[in-house]
Amino acid sequence: MSRLIRSRWQRWINRRIPRSDVQLLTQRNLFILPTAPGVVFGVLLLIMLITGINYQNSLIYLVTFLLGAVFVGAMHQTHRNLAGLELTLVQAGEGFAGDDILFRLRAAAGKDDAIAVTLSDGDSSVRVGHVSSGQSADVALPVNSAFRGYLRPDSIRIETRFPFGLLKAWSWMRPVSAAVVFPRPIAAPDVASSVDDGEQTASSRSPEGNDHAELRPWRDGDMSQRVMWKRFARSGQMVVADWEADKGSPHWLDFNAFAGTDHEVRLSYLAWLVVERGKNGARFGLNLPGQVIEPDSGPAHAARCLRALAVWGEEKPREALGAPYGTRRKTDSGRRVKPGAVI
Amino acid sequence: MSFWNRPKQEPETQSDTLPSRALLWLMVSFALLLTPQLDRLPVWLVAICVVLAGWRWLTQQGRVRLPGRWLRTGILLSLIAVYLLRVQGSFTVDTAASFFVLTVGLKWLETRTARDFYVLFYILVYLATVNFLFHQEIHWALVNIAAIGLLLIGLQVLNAPELPGGMKAGWRRLGVMLLKVLPIVVLLFVFFPRMEPLWSVPLVSGSARTGISDTMRPGDISSLAQSSDRAFRVTFGGPMPAYRDRYWRGLILDTLDDGTWRQGGYETYRRPGRVNVDGGVGELQPEEYDVLMEPTDQRWAFALESSVAVSDNVGKEADDLFRFRRPADSPVRYRLARDNSPEQTVPELEPGQARRYLQLPAYGNPRARALAADLRHSNSDVGVIRSLLNRFREQPYFYTLRPPKMPNDGIDSLLFDDMRGFCAHYAGATTFVLRSAGIPARVVVGYQGGESGAGDEYLVVRQYDAHAWVEAWVEGQGWVRIDPTAAIAPNRIESGLRDAVAEEGSFLENEWASAQRYGDVALIRWASQQLDRINYQWQRWVVGYQGQSQMDLMSRLPGGLGIKELGYITAGIVGVGLLIAGLISALQMRRGASRDRYGRVLGAWYQLCERAGVPVRSGETPSALASRLAAAEPAVADAARLFARMVNSHYYRPQSKSAAARDGSDDVQRMRRLLATMKRQLRKASKTQRSNSRSLAHSGKHSD
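Every chain begins its residue count from 1, and numbering advances along the sequence as written. Lettering for chains starts from A, numbering for ligands starts from 1, and both go in the order in which the items are written. Where local features are concerned, this predicted model is filtered to residues with pLDDT of at least 70; where side-chain atom pairs are given and counted, the filter is 80 or more; whole-chain, interface and lining totals use all residues. By convention in this description, side-chain values take in all heavy atoms of the structure and omit both hydrogens and water.

- With an unreviewed UniProt entry as reference, chain B is termed DUF3488 domain-containing protein, source organism Marinobacter salexigens.

- Within an unreviewed UniProt entry, the label attached to chain A reads DUF58 domain-containing protein, and the organism entered is Marinobacter salexigens.

1. Considerations on the overall build of chain B
Then, in step 1: Segments assigned H or I by DSSP are reported as helices when at least four residues long, segments assigned E as strands when at least two residues long, and all are numbered from the N terminus. Counting secondary structure elements, chain B contains 25 helices and 18 strands.
Then, in step 2: The buried label applies to any residue whose accessible area, calculated with a 1.4 Å probe on protein chains only, is under 20% of its type's maximum; exposed applies above 50%, and partly exposed to all values in between. In chain B, which comprises 704 residues, the proportion classed as buried is 46%.
Then, in step 3: It only takes one pair of heavy atoms within 4.5 Å for two residues to be counted as in contact. Sequence-distant contacts in chain B: of pairs separated by 6 or more residues, those separated by 24 or more amount to 73%.

2. Concerning the overall build of chain A
Then, in step 1: Looking only at helices and strands, one finds 7 helices and 15 strands in chain A.
Then, in step 2: Per-residue burial over chain A gives 56% buried out of 343 residues.
Then, in step 3: Of the contacts made within chain A by residues no fewer than 6 positions apart, 66% connect residues no fewer than 24 positions apart.
Then, in step 4: Using a 1.4 Å probe, accessible areas were evaluated by the Shrake-Rupley method; residue-level cover was limited to the displayed protein chains. Roughly 14800 Å² of accessible area belongs to chain A as shown, and the carbon and sulfur atoms make up 52% of that amount.

3. Things to note about helix H2 (residues 36-54) of chain A
Then, in step 1: With 19 residues, H2(A) should cover 27 Å at 1.5 Å per step; its first-to-last C-alpha distance of 27 Å lies within 8% of that length.
Then, in step 2: Within H2(A), the full set of buried residues consists of Pro37(A), Gly38(A), Phe41(A), Leu44(A), Leu45(A), Met48(A), Leu49(A), Thr51(A), Gly52(A), Ile53(A) and Asn54(A).
Then, in step 3: Close packing links the buried residues of H2(A) with strand E2 (31-34) and helix H3 (58-82) of chain A together with helix H6 (114-134) of chain B.
Then, in step 4: Once H2(A) finishes, Gln56(A) follows within two positions and takes phi at roughly 45 degrees, a positive value. Helix span is expected to be 1.5 Å times the residue number reduced by one.

4. Observations regarding the UniProt feature "transmembrane region" (unreviewed entry) in chain A
Then, in step 1: Under the UniProt annotation, "transmembrane region" (unreviewed entry) lies at residues 30-53 and 59-76 of chain A.
Then, in step 2: What you have in residues 59-76 of chain A is 100% helix and 0% strand, and the ends, taken at the C-alpha atoms, are 25 Å apart. UniProt positions are given in the numbering used here, feature names are shortened, and annotations may be inferred rather than shown by experiment.

5. Topic: the interface of chain A and chain B
Then, in step 1: Each partner contributes residues to the interface: chain A has 63 residues there, and chain B has 68 residues.
Then, in step 2: Summing both sides of the interface, chain A and chain B together bury roughly 6100 Å²; the carbon and sulfur share of this comes to 71%.
Then, in step 3: Note on definitions: salt bridges are taken to be side-chain nitrogens of Lys or Arg within 4 Å of carboxyl oxygens of Asp or Glu. Inspection of the region where chain A meets chain B yields 0 salt bridges.
Then, in step 4: For the purposes of these results, a polar contact is taken to be a pair of N or O atoms within 3.5 Å, where, inside protein, one atom must be able to donate a hydrogen and its partner to accept one; residues adjacent in sequence count only when each atom of the pair is a side-chain atom. For the pair chain A and chain B, the number of links is 11 residue pairs in polar contact (both at pLDDT 80 or more).
Then, in step 5: When residues in the side of chain A that touches chain B are grouped by element, the largest group, 18 residues, is from H3(A). Note: buried area is the sum, over both parts, of the accessible area (probe 1.4 Å) each one loses when the two are combined.

6. Examining the sheet that holds strand E5 (residues 100-108) of chain A
Residues and elements named next belong to chain A.
Then, in step 1: Only strands joined by at least two bridges in the DSSP assignment are considered to pair. One open sheet accounts for 4 strands, arranged E1-E3-E5-E8; its pairing is antiparallel. Each edge of the open sheet carries a strand with a single partner, namely strand E1 (22-24) and strand E8 (136-144). Looking at each pair of strands side by side, their axes are set apart by 25 degrees on average, direction ignored.
Then, in step 2: Sheet analysis places E5 next to E8, joined by 9 bridges and oriented antiparallel. When the bridges of E8 are listed, phenylalanine 103 appears paired with leucine 141. Working convention: axes come from line fits to C-alpha atoms, limited for helices to the stretch in contact. Angles between N-to-C directions cover 0 to 180 degrees.

7. Quick notes on the confidence of the model for chain A
All names here are of chain A.
Then, in step 1: Confidence of the predictor at the level of single residues is given by pLDDT, which spans 0 to 100. Taken over all residues, the pLDDT of chain A has a mean of 76, while the share at 70 or more is 75%.
Then, in step 2: Averaged pLDDT values over the elements of chain A bottom out at 40 in helix H4 (residues 198-203) and peak at 93 in H2.
Then, in step 3: Low pLDDT, under 50, characterises residues 240-248; the predicted model gives this stretch 39 contacts beyond four residues in sequence or across chains.
Then, in step 4: This stretch, residues 320-343, has a pLDDT under 50; its non-local contacts, to residues over four places away or in other chains, come to 44 contacts.

8. A few points about the packing of aromatic side chains
Residues and elements named next belong to chain B.
Then, in step 1: Between 30 and 60 degrees the pair is tilted, below 30 it is stacked and above 60 it is edge-to-face, where a pair is any two Phe, Tyr or Trp rings, Trp via its six-membered ring, whose centres lie within 6.5 Å. In total, this model carries 36 aromatic pairs over all chains according to the counting rule given.
Then, in step 2: Centroid distance tyrosine 83 to phenylalanine 99: 5.2 Å. Interplanar angle 50 degrees. Geometry classified as tilted. With tyrosine 83 in helix H4 (residues 69-87) and phenylalanine 99 in helix H5 (residues 93-107), this residue pair connects regions lying 16 residues apart in the sequence.
Then, in step 3: Look at tryptophan 605 and phenylalanine 643: their rings are 4.5 Å apart centre to centre, the planes differ by 35 degrees, and that puts the pair in the tilted class. Of this pair, tryptophan 605 sits in helix H21 (residues 597-611) while phenylalanine 643 is found in helix H23 (residues 637-652), placing the two residues 38 residues apart along the sequence.
Then, in step 4: In textbook terms, an aromatic cluster arises when at least three aromatic residues are bridged by ring pairs, as seen for Phe232, Phe236, Trp248, Tyr289, Phe302 and Tyr447.

9. Looking at the sheet that holds strand E10 (residues 321-324) of chain B
Residue and element names in this part refer to chain B.
Then, in step 1: Within the open sheet, the 3 strands sit side by side as E7-E10-E9. Their pairing is antiparallel. Unpaired on one side and paired on the other, strand E7 (300-301) and strand E9 (314-317) mark the two borders of the sheet.
Then, in step 2: Strand direction decides the pairing type here: E7 and E10, joined by 2 bridges, are antiparallel. Its bridge partner lying in E10, alanine 301 is registered against phenylalanine 322.

What follows is the structure, given as structure tokens:
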């Protein structure tokens with residue numbers, strides 16, 4: 001029953017507050033209710049009224065009415081704190097799964113000051129503080145991510161309790177833009193048990209495959225899993241002799257190198273490799289099923305690769321639906337892999 | 001790359017520690033709220049509260065730490081033990097109030113979070129409420145309301161510690177808010193139905209109130225004469241009676257027992273409950289007068305001779321005395337009228353009554369008895385009285401606030417040896433002599449005199465106006481007032497105690513701070529009179545506005561409003577008030593929106609786009625949006641592009657100001673018309689979609 005009510009409520013809210021990166025707070029989408037202290041305050045007013053009646057004390061009546069009216073006045077003030085405020089999602093950040101992703105938001109006050117405003121998303125909240133009328137303030141709201149992919153908070157709550165904390169006015173912003181969450185890097189094993197299938201790897205053959213003169217010449221039939229990834233990462237050089245020239249080239253990070261491993265774990269390995277190589281400034285390319293990124297170097301390239309890893313197999317979230325912890329429903333193998341658990 | 005570094009978790013200091021300023025306002029408010037209680041709180045309790053609050057403040061400064069759980073419990077238990085020892089089981093409103101204060105003091109030690117702050121806020125607000133039970137003068141009311149204001153400021157600081165402006169902005173915000181809601185508060189105050197008490201809660205005060213009591217030992221009233229507290233205030237419908245006629249009868253003492261006069265024949269009446277404190281506000285008739293009496297915790301009311309009750313909260317009982325139904329534990333206003341019609345029949349004194357008023361101890365004061373026999377010897381009743389008064393007038397009797405001690409046969413020593421006494425002495429002695437002479441007599445206790453307040457609008461009777469005199473039964477005339485004091489010190493009766501004891505210099509000799517003591521300094525006199533006038537009006541119209549006054553006021557309004565109608569009106573006021581507030585805020589919002597007419601048209605345009613399935617992206621140019629809309633809804637493609645061009649031209653075309661003003665409205669109108677056209681087209685398009693499933697699929701491809 002309560003679930004039904006909640007889902008109906010949620011639908012009603014969603015109808016009222018369409019997804020948008022810009023949200024102007026008006027009477028249409030602002031809500032106001034007493035807080036717990038406000039409810040207790042109401043009870044206190046009742047007790048005061050009874051005291052006034054029982055002791056036939058006019059001044060107690062007066063003070064009760066005064067405080068009651070102040071309560072109503074506070075309702076007005078609390079509402080005005082948020083009314084006219086325009087909340088804009090300036091930038092949805094990037095980061096690794098499991099980290100807090102920063103969403104940069106800008107709050108621009110309308111013709112009234114916005115005082116003591118708080119933004120929150122589920123479990124994290126951040127104080128915007130005071131925004132004078134006509135001014136704006138930028139805030140970074142950390143959103144907890146669990147999985148790689150697109151991350152879009154279902155709703156960002158903006159709330160104020162000013163002046164007395166007896167009432168809270170709030171609204172939601174339902175952003176359209178999504179943040180990109182990279183796979184959580186997991187140190188790739190030295191020896192991967194990938195069996196290469198010639199057909200696929202042929203497409204990813206690198207023209208510069210033979211470049212590294214210092215490498216021991218490789219023989220036909222050498223397995224890519226015999227590459228010493230760790231040493232490669234440290235020195236940036238291939239110290240393993242047994243490379244297959246067309247596939248196991250140091251310039252290529254290959255999704256298929258980790259045969260038999262869960263897809264998500266593979267992506268995590270690749271992310272780790274990308275990060276390591278990015279640190280060293282090495283040249284590398286990324287080979288994903290359906291997407292190939294030509295070898296390059298530099299932070300922009302690394303970021304591009306990470307993004308490609310993040311959204312591999314994912315669809316950009318549409319307007320209507322949005323999962324709270326990213327777009328991915330389940331892992332390829334059907335079980336959820338908790339990133340970081342392997343480390 | 002810093003991807004690996006988690007963003008540093010900032011320690012949440014906001015909710016852990018309270019803002020110092022918020023705490024400061026709370027403490028100031030607490031101090032303010034204690035001031036009305038200072039006279040009834042024990043000193044040690046006040047000191048404890050100061051220490052505990054000081055401790056909390058030092059903690060805030062970081063000098064000391066708050067006590068741990070064990071120490072806190074220890075402090076709590078020991079303070080409660082001290083409190084219980086001091087109170088010793090007597091439960092009165094006073095002890096309850098001081099326990100309340102103790103609670104607040106202890107709460108300081110565990111005020112750590114915002115939640116504790118709110119708990120303190122509630123307690124302090126209720127402390128202000130309790131203060132109103134004891135003090136209703138305007139200055140105390142202002143102190144209490146100021147303290148509540150400080151609490152609200154504290155809450156503001158708590159909720160927005162970083163807010164610039166601080167105190168001043170806080171007060172301004174609060175003031176504006178109060179001004180906005182003031183009409184509603186006034187209306188509610190006037191119309192909220194003053195119900196009967198839901199249940200009876202006596203306001204039993206442990207501390208004795210200053211005032212006359214129902215026993216009279218020589219010396220009681222002279223100690224009262226050292227107090228300048230107000231007893232009651234009177235407004236007359238007609239002219240004030242002359243000073244010498246201002247005899248306010250309170251109670252009758254008829255039994256002499258071991259040198260003490262007391263009240264006989266009255267049951268002590270202590271039913272718990274509340275007196276009706278409001279006697280109505282109807283127009284005062286010429287012969288009527290309103291008495292606003294300070295609380296006495298007694299049932300008696302004070303009245304001029306031969307009065308009748310007008311308001312129904314006071315009733316006439318035997319011996320022409322007036323009584324409330326219940327003890328007056330808060331200021332009471334009642335209305336009486338002087339009855340000037342001559343009495344048709346002179347009542348007879350019943351034998352039982354005669355015995356009562358002739359009662360004397362079996363022995364004692366032989367010389368006074370001898371004097372009575374001597375007087376009786378030669379005279380009628382009236383003659384006895386007259387010659388006794390002559391004796392007072394002619395022999396060197398003195399009226400003094402410093403009478404000598406007269407332990408044995410006090411009446412004898414007063415009449416024959418010391419010849420110095422106060423009104424109570426003389427009244428007691430006179431009654432004794434008259435009774436010895438066989439004339440029924442009784443001591444009457446009350447007040448005599450009263451100064452006029454500012455502008456001669458009303459009369460203030462203070463405790464030092466307390467007086468005792470005698471009434472004797474004279475055959476054919478009934479009870480006759482005899483005042484020996486008038487014979488000894490005519491000043492006392494003509495112009496008051498101050499003049500009567502002027503030579504002695506004993507007027508209010510222990511009351512340094514009393515304004516009345518310096519009554520001959522014109523400025524002080526004027527100031528205290530003005531202050532009293534404000535307080536009187538306050539008490540009369542605001543504090544005293546209770547059931548009867550409300551009914552009187554309502555009966556003057558057309559429609560004959562009863563208490564039920566008042567309830568409806570109150571509900572209506574609340575409803576209308578909320579409605580008006582909502583309307584005003586809606587209007588403000590609307591006005592804010594309509595300031596930019598372009599903005600409104602643009603808003604409509606965005607809405608239209610969204611409805612057509614083309615949500616607006618931030619930072620998108622009008623033409624980009626239009627082309628997307630055109631792709632989604634080919635039906636409106638041309639209109640959308642045209643619209644985008646108009647938007648662009650509005651923002652980017654350089655214009656002279658006057659032309660802009662003229663063209664601007666034109667532009668907006670054209671844009672509006674265009675929007676309406678687009679809407680129509682969209683509706684038509686969607687209709688065809690619905691009728692044709694194939695076209696739906698077709699357009700669905702477009703609307704991606």
